[in-house]
Amino acid sequence: MSAVLIGEILACLMFVGVIGVLLIGFPVAFSLAGTALIFGVVGWLMGVYDPSNYASIIGRYIGLMSSETLVAVPLFVFMGVMLERSGIAERLLLTMGKLFGNLRGGLGISVIIVGAMLAASTGVVGATVVTMGLISLPAMLRAGYDPKLATGVICASGTLGQIIPPSTVLIFMGDMLAGINAQVQMEKGNFAPEPVSVGALFAGALLPGMMLVGLYLCWVIYKAITDPASAPATPVPEDEKKHLAREVMVALVPPLLLIIAVLGSILGGIATPTEAASVGSVGAMVLAIANRKFTFSILRQAVISTATITSMVFIILFGAAVFSVVFRMMGGDNLVHAFLSNMPGGAIGATIIVMLIMFMLGFILDTFEIIFIVIPITAPVLLTLGVDPIWLGVMVGVNLQTSFLTPPFGFALFYLRGVAPPQVSTGMIYRGVIPFVLLQVVGLALLFMFPQLVTWLPELLYH
Amino acid sequence: QDVYNWRMVTTWPKNFPGLGVGAQKLADRITNASGGRLNVQVFASGEMVPGLQALDAVIDGSAEMSHGAAYYWQNKSQALSFFTGVPYGMTSRELASWVRYLGGQEQWDKIYDQFGLKGYLSGDTGTQAGGWFKNELTGVADVQGLRFRTPGLGGQVWAKLGASVTNMAAGEIFAALQSGTLDAAEFVGPYNDLALGFYQVAKNYYFPSFVEPGLATELVVNKSKLAELPPDLQELVSVCAQASYDDVASDMYANDPRALRSLVDDHGVQVRAFPDEILEAGAKASMEVIAEIREGGDALTKETAESFISAFNLLRERTEGTDAPFLTARQKYIKY
Amino acid sequence: MQLLAWIVRGISTINRVAGETLSWLALACVLVCFTVVVQRYVFSTSVLWMQDLYVWLSGAMFTGVAGFALLRDDHVRVDIFYRPASTRWKAIADLFGVVVFLLPFIYVVLTYGWPAIARSWSYQEASGNVGGMPGLFVLKSFIIVFAVLVGLQGIAMACRAILVLTGQQDLLPAHLRYVNNEEAETAP
Ligand code: NA
Ligand code: NA
């Protein structure tokens, strides 16, 4: 057997093997690195891998530690954590609930709108589901909502943060795609490629994010009309309505200001995502001060959460770097290239297969692991085949947002399970989220058929 | 016969006009000229390590050679800047003369010896373009507070003139210019700049770059790996690098004017010359920057700076006494 | 066995102190970056070394707290089988993972990181940006901090697993034992 073939077989086994290894449940970052090291030793013994390649992982990690673009990640995490503690979400949920309460399906609508607003003001998924689970789920259950609809709406709206910018996932994806795109376009002899940046990816994700919001709203309205018992109105007492206009103003203005300041300055081209994130972080602290929630203890919890969440993500990236060094140097990249280039249907066929693989991986893995492993090995081929980088990034974002929702292991389901009252069974949560998973698939199909939904805004802003 | 499989990491994107292409051509040339005995595989920036980790990759042994620019490693020794080019410094022809015949290579070897490396000149862009400016410059006053992307010692010179200087990766410049995060940016010259699309967002293209009269690229080889090669292959590496130095400059000289025509004719770019006031203030600032390196650095840096300056003073006698008057006359009287 | 319990406690204390201290770099990063933004947009000036500083603060933070995150079980797991598993199986998975994945990874990081970082110290490496921060060798040294703290915490995990497998988990204080509830403490 030739060395090339042995290397490619090992690379193949490694990709399949790592999924089995991850199922053991040891932290992903170390499992990725450890598996790669084992295959590296095997490859070395068979003469197809040179261990001196390992020295490059140090250089790669130093690159991560000194990347200006990626500083946006801890900054957006800090902003999100601080906002979570500033009481904005609670206030928004309560007042929006009153505002829409008189409508059938009104509470559901308010959850979606608040979810979208929180998504547009922070970069992290997770906290939103918990907050809405604590505040809106009991309210909806009291009002007589079908628990399946209530939990589905909360899970889906809570994960919008990943696709509606700013988003930490989109930052990593933008950073990776920018480099890959530059390589691919130069290689193709296109010396004037349209630049890919985190900002452009944010712009590309905005309309698709709003489209998903629209799809969720349509579903709730449809349920309210065809099955009124599942989403009843919650009449608001007259005395509570008196100051409603003022309450709405007070609740809405701070998050709107933050959205305009942060997202507006990125999309309006005034600041880079990192710069805007630092402004947002300071803004979140100011809001917490204004709401009298800014104490030493809260600040301490906020920095600890920021540091550990950020660390978790970057160390996965470190582990994934070890994985991809071994995979690449054993010839895995060539294999993926040959596999995807020969897909029937060309670029479309290759994109569909990558999307399917990611979707399947989403049942067991999380967004970060998937993009750190799959994007570096598939995106170069897809872009070479002519796939638009921004469109690809947004498609992957929506696709993997679904992984938060897919039973049995979606993260959003876990968060909600943790805070839901006992009468809501896990089965109800699983069944409740199914329509929303289907809506995500509809969303993906729409983006597939109308790529302009993604590309129109970045073209407008950046060209 | 022994076959050596070597890895070359670079600081450039694959096929990056001039420089990245130069790296690939150099690798192919070594592979072919050795009849496959020294087989060099190229890794673009980010493929194995990020571009700015390329030299460490060679020191640490995850690659045998790197292709980049010596001034990226000025934090290893300030003197390395001289082997890429310094503000108001040597042209590509002068630099090669210093390195090959006036003591430059000896200095370079002393610096890289500390890291177990050997450096070769491997390409040159020739005199670069001064940069893309959103607004016209009338004098030094216009530079005050100007948000300008320009890296390295050139950046320091512009900072002395009052600009607010930042460095950012090639891929980010366009968006920053467009968004207004930057007022101006310089990269290389027409051949490369056309590729990055700056003409869409800044129309004033200034010439020449007094802070980058040339940008020499280097081929750096791990010395212990080099010593493992038989003498003929060692010689081959050196000869191929020398051929590349010449070849890259030819590529840039041939393609820069074509790209510039396209920028002017197809994209409405205004070609401008810096006002004398800026050229003069820039010269003063450049001399300050070089003096700071010469005085502030370690013994080796000081020695390199002196070697550079004494060679510079010799070489300019020929360039300014013979080439410059000839070019002035040619420009004035010759027309086909 | 008492010795193992002491090792777990000792290492966990080290990582808790290191993690809670280094976490504050997050706030420093926010403030320095905000200062750079204000300088650039309000005063049209820039201080080159500050452009390095907030990037480095972030890098030092997420590298230095990795051991603490492991202590808190913040490093995400694929917990399809792990979560519902018995404490005994969790201990076996952790012991296996530490020995087969984590410690070899740390070994490789130290083997290849040490020479590079020692070299960086030898010439007091500064930022690659002209006018940037001095002390890049300090930032790079966090890779060693990472390896040591994560390696130690891995050893603590292994010790804890052995205590569980030998039926002596009660030698550990409650907060260092395996938890059997379903709460996920943090979000990705
Ligand atoms: Na978001
Ligand atoms: Na330049």
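Keep in mind that this is a model prediction, so the values were computed, not measured.

Colleague: So what about the overall build of chain A? Which residues, and what values?
Modeller: A count of helical and extended segments in chain A gives 21 helices and zero strands. Radius of gyration (C-alpha) of chain A: 23 Å, near the 23 Å computed for a compact globule of 463 residues. Dimensions along the principal axes, computed over C-alpha positions, put chain A at roughly 80 × 45 × 40 Å. For chain A, restricting intrachain contacts to residue pairs at least 6 apart in sequence, the fraction spanning at least 24 positions comes to 83%.

Colleague: Outline the interface of chain C and chain A, supporting the account with residue identities and numerical values.
Modeller: Buried accessible area, meaning the area lost when the parts come together, often serves as the stated size of an interface. Listed by partner, the interface residues are 63 residues for chain C and 74 residues for chain A. Roughly 5900 Å² is buried in total at the junction of chain C and chain A, and carbon and sulfur atoms are behind 80% of that figure. Connecting chain C to chain A are two salt bridges. A salt bridge links A:R300 to C:E20, with the nearest nitrogen and oxygen atoms 3.1 Å apart.

Colleague: Run through the UniProt feature "transmembrane region" (unreviewed entry) in chain C, naming residues and quoting values.
Modeller: Here the UniProt-annotated "transmembrane region" (unreviewed entry) positions come out as residues 21–41, 53–71, 92–117 and 137–163 of chain C. Within the segment residues 53–71 of chain C, helix and strand shares are 95% and 0% respectively, and the terminal C-alpha atoms sit 28 Å apart.

Colleague: Give a description of the interface of chain B and chain A that names residues and reports values.
Modeller: Each partner contributes to the interface: chain B provides 30 residues, whereas chain A provides 29 residues. Between chain B and chain A, the buried area comes to about 2400 Å², and carbon and sulfur atoms account for 54% of it. The interface formed by chain B and chain A includes one salt bridge. Residue B:R7 is joined to A:D50 by a salt bridge in which the shortest nitrogen-to-oxygen separation is 3.5 Å. On the surface where chain B and chain A come into contact, there are seven residue pairs in polar contact (both at pLDDT 80 or more). Secondary-structure elements contributing two or more residues to the side of chain B that touches chain A are α6 (170–179) and α7 (190–196) of chain B. The element contributing the most residues to the side of chain B that touches chain A is α6(B), with six residues. Tallied by class, the residues present in the side of chain B that touches chain A amount to 13 nonpolar, 12 polar and five charged.

Colleague: Please give an account of the sheet that holds strand β9 (residues 204–207) of chain B that cites residues and values.
Modeller: Residue and element names in this part refer to chain B. Reading across from one edge, β7-β6-β8-β5-β9-β11 is the order of the six strands in this open sheet, with mixed pairing throughout. With partners counted over all chains shown, the strands left at the sheet margins are β7 (164–166) and β11 (270–273), one partner each. Direction of pairing for β9 relative to β11: parallel, over a ladder of four bridges. In the strand pairing of β11, F207 is matched with A273. On top of the sheet, helix α9 (residues 231–267) reaches β5 (131–133), β9 and β11; it is set at about 145 degrees to β9, its chief contact.

Colleague: So, the packing of helix α1 (residues 2–22) of chain C against helix α6 (residues 136–165) of chain C: which residues are in play, and what are the values?
Modeller: Residue and element names in this part refer to chain C. For the pair α1 and α6, the least separation of the axes is 9 Å and the interaxial angle reads 145 degrees. Considering how the two elements wind past one another, α1 and α6 form a crossing that is left-handed. Where α1 abuts α6, its residues L4, A5, I7, V8, I11, S12, I14, N15, A18 and L22 lie against F142, L149, L152, Q153, I155, A156, C159, R160, I162 and L163. A class-by-class count of the residues in the contact of α1 with α6 yields 16 nonpolar, three polar and one charged.

Colleague: Explain the packing of aromatic side chains to me, using residue names and the numbers behind them.
Modeller: For the structure on display, the rule yields 51 aromatic pairs over all chains. Relative to A:F327, the ring of A:F323 has its centre 6.1 Å away and its plane inclined at 10 degrees; by these criteria the two rings are stacked. In this pair, A:F323 and A:F327 are both assigned in helix α14 (residues 296–329), four residues apart and thus about one turn of the helix distant. For A:F327, a relative accessible area of 4% corresponds to the buried category. Here the aromatic rings of B:Y88 and B:F210 are separated by 5.5 Å at their centres, their planes lie at 25 degrees, and the arrangement is stacked. In this pair, B:Y88 sits in the loop between β3 (65–68) and α3 (92–101) while B:F210 sits in the loop between β9 and β10 (216–222), placing the two residues 122 residues apart along the sequence. Classification of B:F210 by relative accessible area gives buried; the value is 6%. The side chain of B:K118 reaches across the aromatic face of B:Y120, ending 5.7 Å from its centre.

Colleague: Any details on the coordination of the sodium ion (ligand 2)? Residues and values, ideally.
Modeller: All names here are of chain B. Distances from the sodium ion (ligand 2) to its protein donors, namely Q128 (OE1), E186 (OE), E186 (OE), F187 (O) and E212 (OE), fall within the range 2.0 to 3.1 Å. Read in sequence order, the donor residues coordinating the sodium ion (ligand 2) give the pattern Q-x57-E-F-x24-E. Taken together, the residues F187 in the loop between β8 (184–185) and α7 and E212 in the loop between β9 and β10 connect sequence positions 25 residues apart. Grouping residues by exposure puts F187 and E212 together as buried.

Colleague: Give a detailed account of the pairing of β10(B), specifying residues and quantitative values.
Modeller: Residue and element names in this part refer to chain B. With respect to burial, β10 is a largely interior element, seven of its seven residues being buried. Taking every second residue as pointing to the same face, both faces of β10 are buried, with A216, E218, V220 and N222 on one and T217, L219 and V221 on the other. Relative to β10, β3 is paired through four bridges, and the arrangement is antiparallel. Bridge pairing in β10 places M65 opposite V221. The sheet contact formed by strand β4 (residues 117–124) and β10 spans seven bridges and is antiparallel. By the bridge assignment for β10, Y120 is matched with L219.

Colleague: Run through the packing of helix α9 (residues 168–187) of chain A against helix α17 (residues 367–384) of chain A, naming residues and quoting values.
Modeller: All names here are of chain A. Remark: α9 packs on α17, axes separated minimally by 10 Å, with the N-to-C direction vectors making an angle of 25 degrees. As the angle between them shows, α9 and α17 are arranged roughly parallel. Every pair of crossing elements has a handedness; the one defined by α9 and α17 is right-handed. Within the contact between the two elements, α9 uses T168, V169, F172, M173, M176, L177, I180, N181 and V184 and α17 uses T367, F368, I371, F372, I375, P376, A379, P380, L383 and T384.

Colleague: Break down helix α1 (residues 19–33) of chain B for me, with residues and values.
Modeller: Residue and element names in this part refer to chain B. Under the 1.5 Å per step criterion, the end-to-end length of α1 is 21 Å for 15 residues, consistent within 8% with the ideal 21 Å. Looking at α1, one finds that the buried residues are L19, G20, G22, A23, L26, A27, I30 and T31. Elements that come into contact with the buried residues of α1 comprise β1 (4–10), β2 (38–43), β3, β4, β10 and α9. Where α1 ends, the next residue or the one after it, G35, has phi of about 60 degrees, a positive value.

Colleague: Any details on unusual backbone geometry? Residues and values, ideally.
Modeller: For the bond running from A:P165 to A:P166, omega is 0 degrees, close enough to zero to count as cis. With respect to the helices and strands, A:P166 occurs in the loop between α8 (147–158) and α9. Cis peptide bonds are those with omega within 30 degrees of zero, and the linkage from B:F207 to B:P208 qualifies with -20 degrees. Of note, B:P208 is situated in the loop between β9 and β10. You will see that B:Y88, though not glycine, has its phi angle at about 55 degrees, which is positive. According to the relative accessible area criterion, B:Y88 is partly exposed, its value standing at 32%. Unusually for a residue other than glycine, C:Q124 sits at a positive phi of about 50 degrees. When you line up the elements, C:Q124 lands in the loop between α5 (87–122) and α6.

The rules behind the values
Each chain has its residues counted from 1, following the order in which its sequence is written. Chains carry letters from A onward and ligands carry numbers from 1 onward, assigned in written order. In view of the model being predicted, local features appear only for residues whose pLDDT reaches at least 70, and side-chain atom pairs are presented and counted only at 80 or more, with totals across whole chains, interfaces and linings using the full set of residues. Computation of side-chain values: all heavy atoms of the structure, hydrogens and water removed. Segments assigned H or I by DSSP are reported as helices when at least four residues long, segments assigned E as strands when at least two residues long, and all are numbered from the N terminus. The atom set for the radius of gyration is the C-alpha atoms, and the globule formula is 2.2 Å times the number of residues raised to the power 0.38. It only takes one pair of heavy atoms within 4.5 Å for two residues to be counted as in contact. Once two parts are brought into contact, the accessible area they lose, counted with a 1.4 Å probe and summed over both, makes up the buried area. Whenever a carboxyl oxygen of Asp or Glu lies within 4 Å of a side-chain nitrogen of Lys or Arg, that contact is scored as a salt bridge. UniProt positions are given in the numbering used here, feature names are shortened, and annotations may be inferred rather than shown by experiment. Whenever two N or O atoms come within 3.5 Å, that pair is a polar contact, provided that in protein one can donate a hydrogen and the other can accept it, and provided that, for residues adjacent in sequence, both atoms are side-chain atoms. In this classification, the charged set is Asp, Glu, Lys and Arg, the nonpolar set is Ala, Val, Leu, Ile, Met, Phe, Trp, Tyr, Cys and Pro, and all remaining amino acids, among them Gly, are polar. Whether two strands pair depends on DSSP finding at least two bridges between them. All axes are obtained by fitting lines to C-alpha atoms, using only the stretch in contact for helices, and the reported angles, taken between N-to-C directions, cover 0 to 180 degrees. What makes a crossing left-handed is the near helix being turned counterclockwise from the far one by less than a right angle; a clockwise turn instead makes it right-handed. The aromatic pairing rule takes the rings of Phe, Tyr and Trp, using the six-membered ring of Trp, and pairs them if the centres are within 6.5 Å, calling planes under 30 degrees apart stacked, those over 60 edge-to-face and the rest tilted. With a 1.4 Å probe rolled over the protein chains alone, any residue whose accessible area is under 20% of its type maximum counts as buried; one over 50% counts as exposed, and the rest are partly exposed. Criterion for a charge above a ring: Lys NZ or Arg CZ within 6 Å of the ring centre, and within 35 degrees of the ring normal. Distances up to 2.8 Å from the metal define which N, O and S atoms are donors, and 3.2 Å serves for Na, K and Ca; water is absent from the atom set, so sites may look incomplete. Small angles under 35 degrees read as roughly parallel and large ones over 145 as roughly antiparallel, with 65 to 115 read as roughly perpendicular and the rest as oblique. Multiply 1.5 Å by the residue count of a helix minus one, and that product is the helix's expected span.

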